[in-house]
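Summary of structural features
Next come the chains, spelled out residue by residue.
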Amino acid sequence: MGRVTERRRVVRVRDGALSERADTLVGEEPLEIRVNGRPLAVTMRTPGDDFALATGFLVSEGVLGARGELSRVTYCAGATGEDGANTYNVVDVRLADHLALPDGMLDGLERNVYTTSSCGVCGKASLDAVRTTARWPLPLTGGPRVPHSVLAALPDRLREAQRVFDRTGGLHAAALFTAEGRLLDVREDVGRHNAVDKLVGRALEQGLLPLSDAVLLVSGRASFELAQKAVMAGIQVLAAVSAPSSLAVDLAAEAGLTLVGFLRGASMNVYAGAERLVLPARQGAGA
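Overview of the structure.

The rules we used
Residues numbered from 1 in each chain as written. Predicted model: local features only at pLDDT ≥ 70, side-chain atom pairs only at ≥ 80, totals over all residues. Heavy atoms only, no water. Buried < 20%, exposed > 50% of the residue type's maximum accessible area, 1.4 Å probe, protein only. Helix = DSSP H or I, 4+ residues; strand = E, 2+ residues; numbered from the N terminus. Pairing = 2+ DSSP bridges. Right-handed = clockwise from strand over helix to strand, strands pointing away. Core = buried A, V, L, I, M, F, W, Y, C linked by side-chain atoms within 4.5 Å. Contact = heavy atoms within 4.5 Å. Phe/Tyr/Trp six-rings, centres within 6.5 Å; stacked < 30°, edge-to-face > 60°. Axes fitted to C-alpha atoms, helices over the stretch in contact; angles between N-to-C directions. Salt bridge = Lys/Arg side-chain N within 4 Å of Asp/Glu carboxyl O.

**Some remarks on the pairing of strand β12 (residues 258–264)**
The two faces of the sheet receive side chains in turn, since in a regular strand these alternate between them. With 5 of 7 residues buried, β12 lies mostly within the body of the structure. Across 3 bridges, strand β11 (residues 237–240) lies against β12 in parallel orientation. When the sheet's bridge partners are listed, Ala239 is paired in β12 with Val260. Note on the crossover from β11 through helix α8 (residues 246–255) to β12: the handedness is right-handed.

Encoded structure:
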């Protein structure tokens, strides 16, 4: 099986001096996701938590929503490398016999889905193709109430939990927290969307969906796709240490998702859903 990290020789230049040394790099390999034996999508990912990645991806696409809808997940034995060994790069998700998918659903996904580590929605035919109907519509009122001080502390807690990032510097991370700031789970991956899928897939396996009381924090920007994944998992609060996209903000406002960007220490921008946050008193109106 591919490793999470690999070693490569590099030529290093520091302060005008040249040396040669081994460097630790994050692993990146393709993963083909099949459903009932049928090829559906390919994503570039960091090996590890592959089953959770596959099932979490299917949650975000509206195929799965409960552990009972899943029969089993296996590596495909026929997917072998040049030496005849299993590459562990092809996963088959078998759905429960009773699960009735809408006519043409897998056909539509197969036509419109191709994911990579840099852009999880490349190949989507149109905006409508990714506005999947949420199984758990977010409530207009209620849900978690997250203090400003709790949000401010989350990036440092996420960074402390990024074990592979410490060795490589090349991974995105996503984490689930309680509204009180307790870390529930964290995953790392070369693809920011994969890290979220791994979290959601693990929650599916544990019967924890919808994640209506959890806060999702991502280490990079908040794209439309990450906002969609949050909504599809029933998450009501999404925070990012970097900027959101305009489409992510539009989706958050439309779906009732609380969206926070530029979360850096006590500073943050709230783009939608401020009613779920306990914020400092207003000092004045800005432009």
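**Re the nonpolar core**
Counting 53 residues, the largest nonpolar core has Leu64 and Leu216 as the members making the most contacts within it. Contacts of Leu64, omitting those with residues within four sequence positions, involve Thr55, Leu58, Val59, Glu69, Leu70, Leu95, Leu99, Arg135 and Leu204. One finds Ala161, Ala239, Val241 and Met268 within the second-largest nonpolar core, a separate group that totals 20 residues.

**With respect to the packing of aromatic side chains**
To describe a pair of aromatic rings, one takes the distance between the centres and the angle between the planes. For the structure on display, the rule yields 2 aromatic pairs. Between Phe51 and Tyr75, the ring centres sit 4.9 Å apart and the planes meet at 45 degrees, which makes this aromatic pair tilted. Highlighted residues: Phe51 in helix α1 (residues 50–60) and Tyr75 in strand β5 (residues 70–75), separated in sequence by 24 residues. Each ring, one from Tyr75 and one from Tyr88, has its centre 5.0 Å from the other, and the planes form 90 degrees; the classification is edge-to-face. One end of the pair, Tyr75, is in strand β5; the other, Tyr88, is in the loop between β5 and β6 (90–95), and 13 residues separate them in sequence.

**Looking at the sheet that holds strand β4 (residues 38–45)**
With respect to topology, 4 strands assemble into an open sheet ordered β4-β3-β6-β5, the strand pairing being mixed. In this open sheet, the two edge strands, each paired with only one partner strand, are β4 and β5. Direction aside, the axes of adjacent strands within the sheet are offset by 20 degrees on average. By the bridge criterion, 7 bridges tie strand β3 (residues 29–35) to β4 in an arrangement that is antiparallel. Bridge assignment links Pro30 to a residue of β4, and that residue is Met44.

**Overview of the sheet that holds β12**
Taken together, 6 strands build an open sheet; the order of strands is β9-β8-β10-β11-β12-β13 and the sheet is mixed. Since the sheet does not close on itself, it has two edges, and those belong to β9 (183–189) and β13 (267–272), each with one partner. Within the sheet, the average angular offset between the axes of one strand and its neighbour, ignoring direction, is 20 degrees. In the sheet, β12 pairs with β13 via 4 bridges, with the strands oriented antiparallel. In the sheet register, Arg264 faces β13, and the bridge partner there is Ser267.

**Details of the pattern of salt bridges**
With the rule as written, the count across this model stands at 12 salt bridges. For Arg187, the salt bridge identified is with Asp49, shortest N-O distance 2.8 Å. Of this pair, Arg187 sits in strand β9 while Asp49 sits in the loop between β4 and α1, placing them 138 residues apart in sequence. Owing to a relative accessible area of 31%, Asp49 belongs among the partly exposed residues under this scheme. A salt bridge links Glu225 to Lys229, with the nearest nitrogen and oxygen atoms 3.7 Å apart. Of this pair, Glu225 and Lys229 both sit in helix α7 (residues 224–232), 4 residues apart, which is roughly one turn of that helix. Of the residues examined, Lys229 reaches a relative accessible area of 4% and is grouped as buried. Overlapping salt bridges, with partners in common, bring together Asp49, Asp185, Arg187 and Arg202 in one network.

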